[in-house]
Amino acid sequence: MPELPEVEVVRRGLERWVTGRTVGDVEVLHPRAVRRHFAGGVDFAARLAGARFGTAMRRGKYLWVPLNDASSSLLGHLGMSGQLLVQPQDTPDEKHLRIRIRFDDSLGTELRFVDQRTFGGLSLHECAADSMDGLPDAIAHIARDPLDPAFDDAAFHTALRLRRTTIKRALLDQSLISGVGNIYADEALWRTKLHYDRPTATLTRPTSAELLGHVRDVMTAALDQGGTSFDSLYVNVNGESGYFDRSLDAYGREGEPCHRCGTPMRRRPWMNRSSYFCPRCQRPPRTAS
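Residues numbered from 1 in each chain as written. Predicted model: local features only at pLDDT ≥ 70, side-chain atom pairs only at ≥ 80, totals over all residues. Heavy atoms only, no water.

A.B. asks: In this structure, what is going on with the overall build of the protein? I would like to understand it.
C.D. replies: For the protein, the helix and strand inventory stands at six helices and ten strands. Principal-axis analysis of the C-alpha atoms places the extent of the protein at approximately 60 × 40 × 30 Å. Considering only residue pairs separated by 6 or more positions, the protein has 63% of its internal contacts joining residues 24 or more positions apart. As presented, the protein carries roughly 13300 Å² of accessible surface, and 48% of it is formed by carbon and sulfur atoms. Side chains of the protein carry 39 positive and 36 negative charges; the gap between the two charge centres is 9 Å. (Helix = DSSP H or I, 4+ residues; strand = E, 2+ residues; numbered from the N terminus. Contact = heavy atoms within 4.5 Å. Areas by Shrake-Rupley, 256 points an atom, 1.4 Å probe, with all protein chains shown as cover. Lys, Arg positive; Asp, Glu negative; His and termini not counted. Charge placed at Lys NZ, Arg CZ, Asp CG, Glu CD.)

What follows is the structure, encoded as structure tokens:
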């Protein structure tokens, strides 16, 4: 699933290519792509037609584009394989094209939502009443991400100490810290020399501060390289893959030597995913939670 760096790359592409453009017409080609728009595809297309796009924004792994007076927004989530592509109008349709948005101008490009696994989607929402950022009401519960200047490091540490959970579960809890997924959690934990099963209540303030620093560093590095692409499912709005996978220290490196101590990296099943770690640098807690 695309994480913060990949979604931010897409957001920047939308900011460049669709800001200020007015929607001409909309085609919904698969109902699951608008399943979070409860009024259905016909209503989605009718309400979006004629809307003017503002500047694309992001909260964690969610994207939204304010419409008209910014009282409502087009909200997008890429799911496992979603792509938002800005394509010339005469480009052949992608095999898994789900939504087409044409614009009322002569620039010759359109916005396409492509999604092989149909876990992602687009929907229209009103803005949360108490939001200073124009946040859509559907994601008002999502926490700020670690690259957000308003992220509260002290509150994050306090929340970690109070929760009866483990550190990787906490990093993936989007109500606590958003944008972090399996890949960048493993990378940050490797850099901090923390085992994924370490109880959060045992973390000192310096340790949580170090961990946050590494989360920010790895995400910034990934963002500079266009994100992480293991296959063609994640691409930017121009269809280009990121290449941070070449710089990974932990994720996907089972059996390869640790870049720090040379010990073969290990993989363990974890919450229907996998966790990658160094058994020497990231020793498990004496009593796993």
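A.B. asks: Looking at this model, I keep getting lost on the nonpolar core. Mind explaining?
C.D. replies: Across soluble globular proteins, you tend to see nonpolar side chains buried next to one another. Formed by 32 residues in total, the largest nonpolar core has its most connected members in Leu48, Phe53, Leu74 and Ile101. Those elements that place two or more of their residues in this core are α1 (4–17), β1 (23–28), α2 (41–48), β3 (62–67), β5 (82–88), β6 (97–103), β7 (109–115) and β8 (121–126). For this core, the element with the most residues is α1, which contributes four residues. When sequence neighbours within four positions are dropped, the list of residues in contact with Leu48 reads Val23, Val26, Phe53, Leu67, Leu74, Ile101 and Leu124. In this structure, Phe151, Ala159, Leu160 and Ile177 belong to the second largest nonpolar core, which totals 30 residues. (Core = buried A, V, L, I, M, F, W, Y, C linked by side-chain atoms within 4.5 Å. Buried < 20%, exposed > 50% of the residue type's maximum accessible area, 1.4 Å probe, protein only.)

A.B. asks: Can you walk me through the layout of surface pockets in this structure?
C.D. replies: Size it by volume and the second largest pocket reaches roughly 180 Å³. In terms of lining residues, the second largest pocket is bounded by 13 residues, among which Arg58, Arg144, Asp145, Asp148 and Pro149 are the most central. Of all the secondary structure elements, the ones that give two or more residues to the lining of the second largest pocket are α1 and β2 (57–59). Sort the elements by how many residues they give to the lining of the second largest pocket and β2 lands first, with three residues. Broken down by class, the residue content of the lining of the second largest pocket amounts to five nonpolar, no polar and eight charged. (1 Å grid on protein atoms, 1.4 Å probe; cavity = no way out; pocket = protein on both sides within 12 Å on 5 of 7 lines; lining within 4 Å. Points joined across faces, edges and corners; volume = space filled by probe spheres on them. Nonpolar A, V, L, I, M, F, W, Y, C, P; charged D, E, K, R; others polar.)

A.B. asks: Honestly, empty space enclosed by the protein in this entry has me stumped. Any pointers?
C.D. replies: Gaps left between atoms are located by rolling a probe of water-molecule size over the structure's atoms. Scanning the model with the defined rule gives one cavity of 30 Å³ or more in all. Its boundaries defined by the atoms lining it, the largest cavity holds a volume of some 70 Å³. In terms of lining, the largest cavity is formed by Leu14, Phe53, Leu63, Trp64, Val65, Leu74, Leu75, Gly76, Leu84, Leu111 and Leu122. Put simply, the parts of the chain that give the lining of the largest cavity at least two residues each are β3 and β4 (72–77). Across the lining of the largest cavity, the residue classes break down as ten nonpolar, one polar and no charged.

A.B. asks: How should I be thinking about the pairing of β5 in this particular structure?
C.D. replies: Moving residue by residue along a regular strand, the side chains alternate between the two faces of the sheet. Taken across its seven residues, β5 has six buried, putting it largely inside the fold. Judged from the seven bridges that link them, β5 and β7 form a sheet pairing that is antiparallel. The residue bridging Gln83 from the neighbouring strand is Val114, located in β7. (Pairing = 2+ DSSP bridges.)

A.B. asks: Please clarify how the pairing of β4 should be interpreted in this entry.
C.D. replies: Taken across its six residues, β4 has six buried, putting it largely inside the fold. The alternating pattern of β4 places Ser72, Leu74 and Gly76 and Ser73, Leu75 and His77 on opposite faces, both of which are buried. Here six bridges tie β3 to β4, and the two strands are oriented antiparallel to one another. Considered in β4, the bridge of Leu67 is made with Ser72.

A.B. asks: How do you make sense of helix α3 (residues 153–162) when you look at a structure like this?
C.D. replies: Residue pairs spaced three or four apart in an α-helix point in one direction, given the helix's 3.6 residues per turn. Of the positions making up α3, those classed as buried are Phe156, His157, Ala159 and Leu160. Buried positions in α3, seen along its axis, are confined to an arc of 160° and lie on one side of it. Against the buried residues of α3 lie α4 (167–171) and α6 (205–224). Residue Asp152 occupies the N-cap position of α3, its side-chain oxygen lying 3.2 Å from the main-chain nitrogen of Ala154. (Arc of directions from axis to C-beta. Polar contact = N/O pair within 3.5 Å; in protein donor to acceptor, adjacent residues only side chain to side chain.)

A.B. asks: So what exactly am I meant to see when it comes to the side chain of Ser123 here?
C.D. replies: Secondary-structure assignment places Ser123 in strand β8. Residue class for Ser123 comes out buried when judged on its relative accessible area of 2%. Only 2.7 Å separates the side chain of Ser123 from the side chain of His125, close enough to count as a polar contact.

A.B. asks: Is there a simple way to explain α2 in this structure?
C.D. replies: Listed in full, the buried residues belonging to α2 are Phe44, Ala45 and Leu48. For α2, the arc enclosing every buried residue in end-on projection is 95°, short of the 170-degree limit, so these residues lie on one face. Exposed residues pointing more than 90 degrees away from the buried face of α2 are listed as Val42 and Ala46. Those residues of α2 that are buried are in contact with β1, β3, β4, β6 and β8. The first or second residue beyond α2 is Gly50, which carries a positive phi of 90°.

So, to be careful, I would describe these as geometric facts and stop short of saying anything about function.
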